[in-house]
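# Report on the structure
Listed below, chain by chain, are the residues.
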Amino acid sequence: MAHENLKFQLSLTKNDIWQPVFGAQHHGTFYMIYIKIKSYEEVKNEFGKIEHTYDCDFRLQNYRGAITIGLAGSKTPKFTTDTSDANLGDILNINLEVKPFTKKDYLNDVKLKLVKPIESNLITVINVFVLSPPKNLFDPNDLDNSLYLNPYTHLRDGDEYTEVAFRKSGTNQPFQSPANMGWPGMGFCIPDICIFD
């Protein structure tokens, strides 16, 4: 079975429990992210359009590894349309930011404002953007004085440094800039797909 077929099951009615939505290892630490969907409201926005607002909390749990990963923020969720042979229809993309060397386990009262309501069998992808370590630890413009070298952007070789760049094998895609390392779409296989019951 392909890993894309393994999905976290999400329920809109179980709003008193943490439901898993994402698992990954970054900076040597394995962590998972959970969601609690607390309420739903249909409201008219300032333009007179109906918005479907889900009030959510997110929780990050570090499980193994020396570096603490923390929640840093959320970005606007978006619907995309699957164009693959699987023809999955609309896919909800929920976008979160995490940061190494950050102790923030919760993002509370995140309002997911959607153009349409969540329905049964909706595929949801959790996109997690890994931000750079704090400047006092890692300065990409002053690697010699950085206390930590971001492994997603640079490799050390004695007094020399190499910038890390990725692209999907077998393609002519341009190499990703070191500033983008650690973000999704780089070929890392992670559990990030959910389906609503």
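Please refer to the structure higher up on the page.
A brief structural summary. Just so it is clear, the structure is predicted and the values come from calculations on it, not from any experiment.

The full count for this structure, using the stated rule, is five aromatic pairs. Note on Y40 and Y54: the rings are 4.8 Å apart at their centroids and 40 degrees apart in plane angle, and the pair reads as tilted. Taken as a pair, Y40 in strand β3 (residues 29-44) and Y54 in strand β4 (residues 50-64) lie far apart in primary sequence, 14 residues in all. A relative accessible area of 4% places Y54 in the buried class. The side chain of K75 reaches across the aromatic face of F129, ending 4.3 Å from its centre. Residue placement shows K116 over the ring face of F79; its charged tip is 4.9 Å from the ring centre.

This next bit is on the nonpolar core. Y31, I33, F58 and V98 are the most contacted members of the largest nonpolar core, which totals 32 residues. The element that contributes the greatest number of residues to this core is β3, accounting for six residues. If you look at the next biggest cluster of nonpolar residues, it comprises five residues, including I91, I123, V125 and I195.

This part takes up the pairing of β4. Relative to β4, β3 is paired through 14 bridges, and the arrangement is antiparallel. Note on β4: the bridge partner recorded for F30 is R64. Between β3 and the antiparallel strand that follows it, β4, lie five residues; G48 among them carries a positive phi value of about 80 degrees. Note that β4 and strand β7 (residues 106-114) share seven bridges and pair antiparallel. Considered in β7, the bridge of T53 is made with K113.

Rules used in this analysis
- Counting from 1, residues in each chain are numbered in the order their sequence is written.
- pLDDT decides what is reported in this predicted model: residues at 70 or higher carry local features, side-chain atom pairs at 80 or more are listed and counted, and totals for whole chains, interfaces and linings draw on all residues regardless.
- Note that the side-chain values use all heavy atoms of the structure and ignore hydrogens as well as water.
- Two aromatic rings, drawn from Phe, Tyr or Trp (for Trp, its six-membered ring), form a pair once their centres lie within 6.5 Å of each other, and the interplanar angle then sorts them: stacked below 30 degrees, edge-to-face above 60, tilted otherwise.
- The numbering of helices and of strands both runs from the N terminus, where a helix is a DSSP run of H or I of at least 4 residues and a strand a run of E of at least 2.
- Three labels apply to residues, based on accessible area from a 1.4 Å probe with only protein chains included: buried if under 20% of the type maximum, exposed if over 50%, partly exposed otherwise in between.
- Only Lys NZ and Arg CZ are tested; either one counts as a charge over a ring when it is within 6 Å of the ring centre and within 35 degrees of the ring normal.
- For this analysis, a nonpolar core means a set of buried residues of the types Ala, Val, Leu, Ile, Met, Phe, Trp, Tyr and Cys, connected via side-chain atoms within 4.5 Å.
- Pairs of strands are assigned from DSSP output, requiring at least two bridges between the strands.

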